[in-house]
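Given next are the chains, with one letter for each unit.
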Amino acid sequence: MMYVLKDWIFTTDHKKIGLLYLIGSLAAFALAGCMALLMRAELSAIGPTITTNPNDYNVWLYFHGAAMILGFQIPALTGFLANYLIPLQIGARDVAFPRVNALSVWLFYMGIILALMTFVVPNPPDVMWTGYPPYSVLTPGNTALYTFTVLLLGFASILGGVNFLTTITFMRAPGIGWNQLNVFTWCTYGAFILQLIFVPVLGTAVTMIMLDKYVGTHFFDPSAGGDVLIYQNLFWFYSHPAVYVIFLPFIGIVFDIVATFARNRIFNYKAAIYGGVGGIVLLAGEVWIHHLYVTGMPDWIRVGQMITTLMISVPVGLLFISLVGTLYKGSISFKTPMLYGLSVIFLMLIGGLTGIPLALVSLDLHVSDTYFIIGHFHYVMAVAGTFSIFGGVYYLYPKFTGRMFNETVGKIGFWLSFIGVNTVFFPMMIVGVTTGMPRRYWDYAQFPAAESYHVVMTVGAAIIAVGFIVILINWIHGMFRGEKAGNNPWGSRSLEWTTTSPPLAHGNWEAVPTIEEGWGPYEYGTRKA
Ligand code: HEM
Ligand SMILES: [Cu+2]
């Protein structure tokens, strides 16, 4: 037992590090999900329901937002999936800097532990995941916990970025050219470029908060010449590109799942990569003002970024068309991973179509800070991202466990979650537009018309919780009792499925795979390239 523990604690193997990211990020998801259940329970009726202290709601919401994005989605996508898959997809024995890789996962765990202090310290942080001043400076809450959590998770992702950009650029097996890379690997490449450029901006912004609160500087103090909008601009200058740090890897893994279960070549591969991924990386830093339309910005800035925001839907659209096109004339099998993959297309459609109107200043002014916004970003990022991650776990499950999960229970877990999320987040958009229900309110006596919607949303949240428990039971049961998986249970053409299940602990293959002329991860002998 001690040996096993030591082996995991001191591992530098990319597969084990990937699984450590998975365990930590799923724990963050479970806890942040519990916060959502508490919020939903409180909002299930007008008036105090499970607490009489409004600040409890602030703390739940802070932990929910921060843990879901920084503790679950980003680490699960650029930590677990990137670590486990990329070296296998490019035919490498490991990443470029294995020890740095180990350091980054333990920085991630230190960030998680610090975030958990929220439930231990007497004055928990209550600054929301956005950490806006002046409240984050003036609050008696422990803002330093928020700041250091962000810094630790930020350093972990910067180290990950350096590692994977180097690995993908220089460690591809002979014969694997840029046009033979998996879409997932390309998408993650784009995400890591954005990480390296924008994470330091967030690090700077939260450090300035700390200096204002604990050292007495005045960056955000208007009475001393400071300006709170500096922070909001810095925060969204990172956080909107961060949306693509989440979107790119999640759409990437969905591409790989859809191509495998449709037995089809990627539709318009080059347009998806160079137009889609390339376009997003180029434009990601040019749209952040759409989060600040209501802050009284001058029109020329708002209109300018309204245009860039509409423009960025073009590369996103290119990726979307390529993904849907990959289904065309495919022989589709509806296994559990594919159900998650297909559901992401549906969720993205709703999320994307409700996002385009938000780019328009005139419309956004009406729905900004209402439940319409919450519903929209849960569809386009939160839920689409989570379903991609779960789809990715189910897809790789036979590879990293060597066993199969139960297909029927897999489908039950999927449908419970799918029905649950639509029951929560679709009414959210309706109640936001029809009643103007504002976000971040722990009670809503002024909006009595919203109550019946809140009841439906709370029932939906409960269905999601049951779905997640069914999924967890299936994953744990499969690890001990699942059927043996074999190397390639899905019949995929991608390189990771040429290894054993699980792959060799060190080095992945006996010998670096030889890549034949014309090989490609999506060569199913269907349509011409
Ligand atoms: C799994 C089911 C989920 C449920 C039931 C849920 C529910 C909620 C609720 C009720 C709110 C608060 C609304 C308010 O008072 O303003 C909220 C806010 C939020 N959620 Fe979720 N959520 C879920 C998943 C996620 C996921 C996967 C993410 C990942 C990105 C996420 C990110 C956020 C963020 C960033 C906020 C805004 C926090 C803020 O206002 O500062 N949620 N969610
Ligand atoms: Cu944005």
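Computed from a predicted structure; not experimentally measured.

Novice: I would appreciate a short explanation of the overall build of the protein in the present structure.
Specialist: In terms of helices and strands, the protein carries 15 helices and 0 strands. Taking 2.2 N^0.38 as the reference for a compact globule, 529 residues should give roughly 24 Å; the C-alpha atoms of the protein span a radius of gyration of 23 Å, in line with that estimate. The principal-axis extent of the C-alpha atoms belonging to the protein is close to 65 × 50 × 45 Å. In the protein, the share of contacts with a sequence separation of at least 24, taken over all contacts with a separation of at least 6, comes to 82%. Accessible area of the protein: about 20500 Å², with a carbon and sulfur share of 72%.

Novice: What should I look at first to understand the coordination of the copper ion (ligand 2) in this one?
Specialist: Each pair of donors in an ideal octahedron of six around a metal sits at 90 or 180 degrees, and each pair in an ideal tetrahedron of four sits at 109.5 degrees. Taken together, His240 (ND1), His290 (NE2) and His291 (NE2) make up the protein donors of the copper ion (ligand 2), found 1.8 to 2.0 Å from the metal. Counting the intervening residues between successive donors of the copper ion (ligand 2) yields the motif H-x49-H-H. With His240 in helix H8 (residues 228–261) and His291 in the loop between helix H9 (269–283) and helix H10 (299–325), this residue pair connects regions lying 51 residues apart in the sequence. His240 sits in the buried class, given a relative accessible area of 7%.

Novice: Explain the side chain of Asp13 to me, please; I cannot follow it from the model alone.
Specialist: Mapped onto the elements, Asp13 comes out in the loop between helix H1 (2–9) and helix H2 (14–42). Apart from the residues within four sequence positions on either side, Asp13 is in contact with Asp94 and Ala505.

Novice: Would you explain the environment of Leu81 in this entry?
Specialist: Inspection of the secondary structure puts Leu81 in helix H3 (residues 54–90). Separated by 54 residues in sequence, Leu81 and Tyr135 place their C-alpha atoms 36 Å apart. Setting aside anything within four residues of it in sequence, one finds Leu81 in contact with Ala76, Ile86, Phe184, Ile253, Gly392 and Leu396.

Novice: Can you help me understand the site of ligand 1 in this one?
Specialist: The full set close to ligand 1 counts 24 residues, and Tyr57, His64, His378, Arg439 and Arg440 are the nearest of them. Between ligand 1 and the protein, one listed contact pairs a nitrogen atom with a side-chain N or O atom of His64 at 2.8 Å. One of the backbone nitrogen or oxygen atoms of Arg440 is found 2.5 Å away from an oxygen atom of ligand 1. Of all the elements in the fold, those that place two or more residues in the shell around ligand 1 are H2, H3, helix H13 (371–401) and helix H14 (407–435). Grouping the amino acids of the shell around ligand 1 by side-chain chemistry returns 16 nonpolar, 5 polar and 3 charged.

Novice: I tried to follow the packing of H9 against H10 on my own but got confused; where do I start?
Specialist: Between two packed helices, what matters for the description is the angle formed by their axes and the separation of those axes. One can describe the packing of H9 onto H10 by two numbers: an axis separation of 8 Å at closest approach and a directional angle of 150°. Relative to H10, the element H9 lies roughly antiparallel. Where H9 crosses over H10, the handedness of that crossing is left-handed. Residues Ala271, Ala272, Gly275, Gly276, Val277, Gly279, Ile280 and Leu283 of H9 form the contact with H10, whose participating residues are Met311, Ile312, Pro315, Val316, Leu318, Leu319 and Ser322. Within the contact of H9 with H10, the residues separate by chemical class into 11 nonpolar, 4 polar and no charged.

Novice: How should the environment of Ala92 be read in this particular structure?
Specialist: Along the chain, Ala92 turns up in the loop between H3 and helix H4 (98–116). Each residue touching Ala92, except ones within four places of it in the same chain, is listed here: Pro87, Met171, Asn508 and Trp509.

Novice: Hey, could you run me through the pattern of salt bridges in this one?
Specialist: Applying the stated criterion across every chain, the model contains 6 salt bridges. Asp299 is paired through a salt bridge with Arg302; the nearest N and O atoms lie 2.7 Å apart. Linking Asp299 with Arg302, this pair stays in helix H10, spanning 3 residues, or about one helical turn. By relative accessible area, Asp299 is classed as partly exposed at 48%. Classification of Arg302 by relative accessible area gives buried; the value is 14%. For the salt bridge of Arg439 with Asp369, the shortest nitrogen-to-oxygen distance reads 3.9 Å. Note that Arg439 is positioned in the loop between H14 and helix H15 (451–481) and Asp369 in the loop between helix H12 (361–367) and H13, a separation of 70 residues in sequence. The exposure class assigned to Asp369 is partly exposed, which follows from its relative accessible area of 45%.

Novice: How should I be thinking about unusual backbone geometry in this particular structure?
Specialist: Both trends apply: most residues other than glycine have a negative phi, and most peptide bonds are in trans. Looking along the chain, the bond that leaves Pro133 and enters Pro134 is cis, with omega of 5°. In this model, Ser501 is joined to Pro502 through a cis peptide bond whose omega is -10°. Along the chain, Pro502 turns up in the segment after H15. A positive phi is found at Arg263, a non-glycine position, where the angle reads about 50°. By the element assignment, Arg263 lies in the loop between H8 and H9. Arg263 sits in the partly exposed class, given a relative accessible area of 31%.

Novice: Explain the side chain of Ser492 here, please?
Specialist: As for its position among the elements, Ser492 is in the segment after H15. Engagement of the side chain of Ser492 in a polar contact is seen with the backbone nitrogen of Ser494, the distance being 3.1 Å. Setting aside residues no more than four positions away along its own chain, Ser492 makes contact with Thr260, Tyr395, Trp497 and Tyr524.

Novice: I'm lost on the coordination of the iron atom of ligand 1 in this one. Help?
Specialist: The protein atoms that coordinate the iron atom of ligand 1 are His64 (NE2) and His378 (NE2), at distances spanning 2.0 Å. Classification of the site at the iron atom of ligand 1 as octahedral follows from its 6 donor atoms and the range of 88 to 180° in their angles at the metal. With His64 in helix H3 and His378 in helix H13, the pair connects residues that are 314 residues apart, well separated along the chain. Its relative accessible area of 12% is what places His64 among the buried residues.

Novice: Could you clarify how one ought to interpret the packing of aromatic side chains in this entry?
Specialist: The geometry of an aromatic ring pair comes down to the distance between the two centres and the angle between the two planes. Using the criterion set out here, one finds 49 aromatic pairs in the structure. Taking NZ or CZ as reference, Lys16 lies 5.5 Å from the ring centre of Trp8, over its face. Taking the ring centre of Trp178 as reference, the NZ or CZ of Arg172 above it sits at 4.1 Å.

Novice: Just to check I follow, could you spell out helix H6 (residues 143–170) for this structure?
Specialist: Within an α-helix, residues lying three or four positions from one another point in the same direction, as the helix has 3.6 residues per turn. Over its 28 residues, H6 extends 41 Å from the first C-alpha to the last, a length consistent with the 40 Å expected when each residue adds 1.5 Å. The element H6 is largely enclosed, with a buried count of 20 among its 28 residues.

Novice: Help me out: how do you make sense of the packing of H2 against H4 in this one?
Specialist: Closest axis-to-axis distance for the H2/H4 pair is 10 Å, and the angle between their directions is 15°. Looking at the two axes, H2 sits roughly parallel to H4. Remark: the crossing between H2 and H4 carries left-handed chirality. For the pair formed by H2 and H4, the contact residues are His14, Ile17, Leu20, Tyr21, Ile23, Gly24, Ser25, Ala28 and Leu31 on the first element and Pro98, Asn101, Ala102, Ser104, Val105, Trp106, Phe108, Tyr109, Ile112 and Leu116 on the second. Among the residues forming the contact of H2 with H4, the class breakdown is 14 nonpolar, 5 polar and no charged.

Criteria and cut-off values
Residues numbered from 1 in each chain as written. Chains lettered and ligands numbered in written order. Predicted model: local features only at pLDDT ≥ 70, side-chain atom pairs only at ≥ 80, totals over all residues. Heavy atoms only, no water. Helix = DSSP H or I, 4+ residues; strand = E, 2+ residues; numbered from the N terminus. Rg over C-alpha atoms; globule rule 2.2 N^0.38 Å. Contact = heavy atoms within 4.5 Å. Areas by Shrake-Rupley, 256 points an atom, 1.4 Å probe, with all protein chains shown as cover. Donors = N, O, S within 2.8 Å, 3.2 Å for Na, K, Ca; no water. Buried < 20%, exposed > 50% of the residue type's maximum accessible area, 1.4 Å probe, protein only. Near = heavy atom within 4 Å. Polar contact = N/O pair within 3.5 Å; in protein donor to acceptor, adjacent residues only side chain to side chain. Nonpolar A, V, L, I, M, F, W, Y, C, P; charged D, E, K, R; others polar. Axes fitted to C-alpha atoms, helices over the stretch in contact; angles between N-to-C directions. Parallel < 35°, antiparallel > 145°, perpendicular 65-115°, else oblique. Left-handed = near helix turned anticlockwise from the far one by under 90°. Salt bridge = Lys/Arg side-chain N within 4 Å of Asp/Glu carboxyl O. Tetrahedral: all angles 85-135°; square planar, octahedral: opposite > 155°, others 65-115°. Phe/Tyr/Trp six-rings, centres within 6.5 Å; stacked < 30°, edge-to-face > 60°. Lys NZ or Arg CZ within 6 Å of the ring centre and 35° of its normal. Expected span 1.5 Å × (residues − 1).

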